[in-house]
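# Tertiary structure, described
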Amino acid sequence: QIKSPWLAKEEELISAAVSGNPEARLQLYWNDTSNGMYWLCRAANQGFPKARYRIAQLYEFGDDGVPMNIAQAYMWYNLAAQACHPWSRKDATRIATHMLTKDELQKTKDMIEQWSPIDCDNWPKI
């Protein structure tokens, strides 16, 4: 178990990430390692709020090879909120109020209800 992921060496982070440590998985993303997006995805799939929030941001702004997709951003902000991320509800509300039509909002609510983990080996390419 690593105590400070931001201070750990990459080998320690990888070992912890393989063991399922969500903080280590997220830190591998922030360290911009070659498999950082894979580890971000794995942390988000296991319900880690910070990872879910970051994926929402990537979809909202179209960053790190993730195409901009406001519906996906809204879904991920909601998933982060369900996992108790402190700012995500505000961001989801902002998107719902200012960026989605009523039809789009209904479709995204269906997406949230039907959510299943991402295929991390192929994300964000899919």
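You'll find the structure just up there.
The present account deals with the structure reproduced in this document. (Residues numbered from 1 in each chain as written. Predicted model: local features only at pLDDT ≥ 70, side-chain atom pairs only at ≥ 80, totals over all residues. Heavy atoms only, no water.)

## Examining the packing of helix α2 (residues 22-30) against helix α4 (residues 49-61)
Two numbers describe how α2 lies on α4: the axes approach to 10 Å, and their chain directions differ by 30 degrees. Note on element contacts: α4 touches α2 through K50, A51, R54 and L58, opposite E23, L26, Y29 and W30. Looking at the contact of α2 with α4 residue by residue, the classes come out as five nonpolar, no polar and three charged. (Axes fitted to C-alpha atoms, helices over the stretch in contact; angles between N-to-C directions. Helix = DSSP H or I, 4+ residues; strand = E, 2+ residues; numbered from the N terminus. Contact = heavy atoms within 4.5 Å. Nonpolar A, V, L, I, M, F, W, Y, C, P; charged D, E, K, R; others polar.)

## As for the pattern of salt bridges
Applying the stated criterion across every chain, the model contains four salt bridges. The partner of K50 in a salt bridge is E23, with the nearest N and O atoms 3.5 Å apart. Taken as a pair, K50 in helix α4 and E23 in helix α2 lie far apart in primary sequence, 27 residues in all. Exposure remark for E23: the relative accessible area of 30% places this residue in the partly exposed category. Two residues, R54 and D63, come together in a salt bridge whose shortest N-O distance is 3.6 Å. Accessibility expressed as a relative area gives 35% for D63, which makes it partly exposed. (Salt bridge = Lys/Arg side-chain N within 4 Å of Asp/Glu carboxyl O. Buried < 20%, exposed > 50% of the residue type's maximum accessible area, 1.4 Å probe, protein only.)

Geometry only, nothing functional implied.
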